[in-house]
Amino acid sequence: MAVSETGHAAARAIDDLYRAHASDVYRYALAVLGHPADAEDVTQTTFLNAYRALEQGVRPRKPSNWLLRIATNVMKERFRAERSAPRAALVDDRLAGGTSEDSTPTISELMTALRRIPPTQRQAIVLREFEGRSYHEIAEILAVTTSALETLLFRARKSLAEELESQLTCTDAQLAVSRAADERLGRKERRRLRGHLDDCPDCARFARLQQR
C-alpha cells in the first residue's frame, strides 16, 4: 500500500510539473538538438526519469532547474551514443529566413553553427543566450562551478563565432565544388565545403552532378 501511495503521489506531482515546465524542457532540447522529433523524445524521457526520481522520494527545491538538469543528462547520453554516427542536417530550411547581405546570421546559419560546437558548450550557450538564465542557475543545471561556467561560455562563444565565420554561402560552395574538380582547394577549404554539403541538400545535389 505504501508503494502504491508513493506512486500515486509521484504521478500527481509529475502531472503538475509537466503542465508547468514541459514547454521549457522542449524549448531547451530543441535549441540544443535542432530537430523537433529529438526534442520531443528528450522531453518525454526527461519526465519519465523525473517520475522515477519522485517515486524514490526526491523532492526538487527548484523544479525548473531540476528538470533541465535531467534533460541535460538525457542529451549527454544521446551525444555519447551518436559520436560514431554523423547526423544529417538538423535545421528545417523553412527557418532560414532567406538570404541576407548583412553580417547577421540567419536562424539556419546559427543553428548549424551551434550543432558543430561541443555539446557542453552548446548547452551552456543555449541556457545563457536563448533562455536568459543566470550564471548560478546554469552552473546548477550543468553541475559545474560558476568559474568553470564562465570559462565554458567564453569557449562556447569563441567556438560559435569561428563556426559562423567559416560557413559558406551556397554561391561560395558551388564555386568551391567547381574548384575542387580541378583539385584547387586547400585542406581548410575542403573541410568548410564538406560541412556545407552536409547541411545543404541543394548544394550536395549540385556536387553530385558535377562529379558525373
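Parameters and conventions
Residues numbered from 1 in each chain as written. Predicted model: local features only at pLDDT ≥ 70, side-chain atom pairs only at ≥ 80, totals over all residues. Heavy atoms only, no water. Helix = DSSP H or I, 4+ residues; strand = E, 2+ residues; numbered from the N terminus. Contact = heavy atoms within 4.5 Å. Salt bridge = Lys/Arg side-chain N within 4 Å of Asp/Glu carboxyl O. Buried < 20%, exposed > 50% of the residue type's maximum accessible area, 1.4 Å probe, protein only. Axes fitted to C-alpha atoms, helices over the stretch in contact; angles between N-to-C directions. Parallel < 35°, antiparallel > 145°, perpendicular 65-115°, else oblique. Core = buried A, V, L, I, M, F, W, Y, C linked by side-chain atoms within 4.5 Å. pLDDT = per-residue confidence, 0-100. Expected span 1.5 Å × (residues − 1). Arc of directions from axis to C-beta.

S.K.: How would you summarise the side chain of Thr46 if you had to cite specific residues and measurements?
M.R.: Within the fold, Thr46 resides in helix H2 (residues 36-55). Sequence-distant contacts of Thr46, defined by excluding residues within four places in its chain, comprise Val25, Leu67, Ile70, Ala71 and Val74.

S.K.: Quick rundown of the pattern of salt bridges? Include the residues and the values.
M.R.: Summed over the entire model, instances satisfying the criterion amount to eight salt bridges. The residue Arg78 makes a salt bridge to Asp38 at a minimum N-O spacing of 2.9 Å. Residue Arg78 is located in helix H3 (residues 63-82), and its partner Asp38 is located in helix H2; the two are separated by 40 residues in the primary sequence. A residue is classified by how much of its surface remains accessible, and Asp38, at 14% relative accessible area, is buried. A single salt-bridge network, built from bridges that share partners, covers Asp24, Arg27 and Glu131.

S.K.: An account of the packing of helix H6 (residues 135-142) against helix H7 (residues 146-166) is requested, with residue identities and associated values reported.
M.R.: Closest axis-to-axis distance for the H6/H7 pair is 9 Å, and the angle between their directions is 95 degrees. What the angle tells us is that H6 and H7 run roughly perpendicular. Along its contact with H6, which presents Tyr135, Ile138, Ala139 and Leu142, the element H7 presents Thr146, Leu149, Glu150, Leu152, Leu153 and Arg157.

S.K.: Tell me about the nonpolar core, and name the residues and values.
M.R.: Membership of the largest hydrophobic core comes to 41 residues, with the highest contact counts inside it found for Tyr28, Trp66, Met75, Leu142 and Leu149. For this core, the elements supplying multiple residues, two or more each, are helix H1 (2-33), H2, H3, helix H4 (107-116), helix H5 (119-130), H6 and H7. If one sorts the elements of this core by residue count, H1 sits on top with 10 residues. Here Tyr28 is in contact with Leu68, Ala71, Thr72, Met75, Gln123, Val126, Leu127, Glu131 and Leu142, once residues within four sequence places are set aside. Residues Ala173, Ala176, Cys200 and Cys203 belong to the second largest nonpolar core, which totals seven residues.

S.K.: Residue-level account of the packing of H4 against H5, with values.
M.R.: Direction vectors running N to C along H4 and H5 enclose 140 degrees, while the axes themselves pass 9 Å from each other. Facing H4, whose interface residues are Leu110, Met111, Leu114 and Arg115, H5 presents Arg122, Ile125, Val126 and Phe130.

S.K.: Let's hear about the confidence of the model for the protein chain: which residues, and what values?
M.R.: Taken residue by residue, the protein chain gives an average pLDDT of 80. The fraction at 70 or more is 77%. No element of the protein chain has a lower mean pLDDT than helix H9 (residues 187-199), at 69, and none a higher one than H6, at 94.

S.K.: Go over the environment of Val25, please, and point to the residues and values.
M.R.: When you line up the elements, Val25 lands in helix H1. Leaving out residues up to four positions away in the same chain, Val25 has contacts with Thr43, Thr46, Phe47, Leu67, Leu68 and Ala71.

S.K.: Can you break down the environment of Ser178 residue by residue, with the values?
M.R.: Relative to the elements of secondary structure, Ser178 occurs in helix H8 (residues 170-181). Accessibility expressed as a relative area gives 33% for Ser178, which makes it partly exposed.

S.K.: Outline H7, supporting the account with residue identities and numerical values.
M.R.: Between its terminal C-alpha atoms H7 stretches 30 Å, which fits the 30 Å expected from 21 residues at 1.5 Å a residue. Among the residues making up H7, those that are buried are Leu149, Leu152, Leu153, Ala156, Ser159, Leu160, Glu163 and Ser166. When H7 is viewed along its axis, its buried side chains cluster within an angular range of 160 degrees and face the same direction. In this structure, H7 carries Phe154, Arg155 and Glu165 as exposed residues pointing more than 90 degrees from its buried face.

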